[in-house]
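# Structural description and commentary
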Amino acid sequence: MVSLVSSASVRGGVGLCLPEEQSNCGIRADIIVSGRCCDASPVMRIKASEDFDITLHDGARGLVSRDPITAQLVYEVQGPFYFDLDVVAEIINVQLLPNDKGMVSVTAFTRAPPPPTTKLAVCMQGGFQIEYYLFATRLDIAEKLADIQGCLNEMITNRVDYSVLRVDQYGTPGQNAASQALATCMFRVFAQAPTVETLLTLPKTIGGYGLGGYCGSTPAWIFAWLLLSFRYPLALRPFIAYETFLIRYDSVNLRVIMDHAQKAVPLPTKTQPFAGQVSYDSSETHDQAKYGATCRAPLGVNANVGFWVLEGDEYDWLRSFLSINRIKQLLGDDYLEGYEIEHLELRNLRCVHFLVKGVLEGEISSTY
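Quick look at the structure, then. Everything quoted here is computed from the prediction, not taken from an experiment. (Residues numbered from 1 in each chain as written. Predicted model: local features only at pLDDT ≥ 70, side-chain atom pairs only at ≥ 80, totals over all residues. Heavy atoms only, no water.)

A tally of regular secondary structure across the protein gives 8 helices and 18 strands. For the protein, the residues scored as buried account for 37% of the 368 residues in total. If you take every contact in the protein between residues at least 6 apart in sequence, the share linking residues at least 24 apart comes to 64%. Surface exposure of the protein reaches about 21600 Å², of which carbon and sulfur atoms provide 54%. (Helix = DSSP H or I, 4+ residues; strand = E, 2+ residues; numbered from the N terminus. Buried < 20%, exposed > 50% of the residue type's maximum accessible area, 1.4 Å probe, protein only. Contact = heavy atoms within 4.5 Å. Areas by Shrake-Rupley, 256 points an atom, 1.4 Å probe, with all protein chains shown as cover.)

Okay, here's the thing in structure tokens:
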């Protein structure tokens, strides 16, 4: 649980001090986890029961309240079970209990042994990538985008050797915009391949398209083609791939190396199989109209996202409104049929959480 607390609530380095009887921390608890005392980083009092309190150092600036702790907690999780090296924490019944002393108590975690495997993440050179930018001004933005997408797929002779080749629109031109800049959006051409030689066909193809593409594309494409034809090493660059695997604990020799000394780290001996995260959709319906109009706002495309409301009487509306199908609708064209959406309700936090599997596509280090 120490790892869960530190990863979910204290970013960066933490300091660990002993109970009051053995130190001068001045706070009675079983374990104290503290941020830097010179700023508003929190202090966590971790009890033997595994409940903990979050507060601030005396005189520190900032605020400890329910909402930022909720935000940090649902940012970290991918379902009702949170994995650490030697424990699985279940958060389905977790409670955040504020008091009038600038402190929030976090309770109702339960724990279970970890599975017999852990995650192994490996960073490796994934190949090479290149990207170009083109601007398009109203009218017929959708047609201009479709034209360049179709032409590149048709004209690149070694298209099958590309790992990734895509053209995406960024932004939406404004209606009756007051300037050309506000009436303009950007097309991003992005490509990845195992070798530099494969990608060299892209600048040549773009140069040819620039002479016969949609109106307004010619000056930008000619400049990019002339620049990149002679100086392509400045645009072509390697990228790092982030790959994850499962490895059994009995295959791991974990140790810590400090200076020239090594210390073995014991691994869990008690494990149990993991059946998977629990996902379900809300089966209740509520009159959403009584809460007023609902407006759309851009949130970005993340692997997981949690939503919560401030008052208890709003929670039934949230659960009813944010169904799995609703999240698919809100993702729009960014949702693909191969994705999988998992849903979790944290009633005590008045929170609904979603995990979208596959949406990161090229994993965390990808730039597309």
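Bringing the sheet that holds strand β9 (residues 110-112) into the picture now. Reading across the sheet, the 3 strands line up as β5-β6-β9 and stay open at both edges, with antiparallel pairing between neighbours. The open sheet terminates on both sides in strands that have one partner only, identified here as β5 (81-83) and β9. On average, each strand axis in the sheet is tilted by 30° relative to the strand beside it, whichever way the strands run. Taken together, the 3 bridges between β5 and strand β6 (residues 88-90) define a ladder with antiparallel strand orientation. Residue pairing in the sheet places Phe 83 in a bridge with Val 88 of β6. (Pairing = 2+ DSSP bridges. Axes fitted to C-alpha atoms, helices over the stretch in contact; angles between N-to-C directions.)

Core analysis: the biggest nonpolar cluster contains 25 residues, and Phe 187, Val 189, Leu 199 and Leu 202 have the highest contact counts within it. Secondary-structure elements contributing two or more residues to this core are β10 (117-137), α3 (141-155), β11 (164-170), β12 (184-193), α4 (196-199) and α5 (201-210). Apart from residues no more than four positions distant in its own chain, Phe 187 is found in contact with Tyr 132, Tyr 133, Leu 134, Ala 136, Ile 141, Lys 144, Leu 145, Val 167, Asp 168, Gln 169 and Tyr 214. If you look at the next biggest cluster of nonpolar residues, it comprises 22 residues, including Leu 56, Val 64, Tyr 82 and Cys 351. (Core = buried A, V, L, I, M, F, W, Y, C linked by side-chain atoms within 4.5 Å.)

Next up on the list: the sheet that holds β10. Reading across the sheet, the 4 strands line up as β11-β12-β10-β13 and stay open at both edges, with antiparallel pairing between neighbours. The outermost strands of the open sheet, each flanked by one partner alone, are β11 and β13 (237-248). Strand-to-strand twist across the sheet, computed as the mean angle between neighbouring axes with direction ignored, equals 30°. With 12 bridges joining them, β10 and β13 adopt antiparallel strand pairing. Note that in β13 the partner of Lys 119 across the bridge is Leu 246.

Mapped onto the elements of the fold, Thr 70 is located in helix α2 (residues 66-76). Given a relative accessible area of 0%, Thr 70 falls into the buried group. Dropping the residues within four chain positions of it, Thr 70 is found in contact with Leu 96, Trp 308 and Leu 349.

A separate point is the packing of aromatic side chains. The relation between two aromatic rings is expressed through the spacing of the ring centres and the mutual angle of the planes. Scanning all chains against the criterion turns up 6 aromatic pairs. Relative to Phe 109, the ring of Phe 52 lies with its centre 6.0 Å away and its plane at 20°, an arrangement referred to as stacked. Taken as a pair, Phe 52 in strand β4 (residues 52-56) and Phe 109 in the loop between β8 (104-107) and β9 lie far apart in primary sequence, 57 residues in all. For the pair Phe 52 and Phe 109, one class covers both residues: buried. Measuring from ring centre to ring centre gives 4.6 Å for Phe 83 and Phe 274, while their planes differ by 85°; the resulting arrangement is edge-to-face. Placement of Phe 83 in strand β5 and of Phe 274 in the loop between β15 (261-264) and β16 (304-308) is noted, with a sequence separation of 191 residues between them. By relative accessible area, Phe 83 is classed as partly exposed at 34%. Joined through ring pairs, the aromatic side chains of Phe 81, Phe 83 and Phe 274 make up one cluster. (Phe/Tyr/Trp six-rings, centres within 6.5 Å; stacked < 30°, edge-to-face > 60°.)

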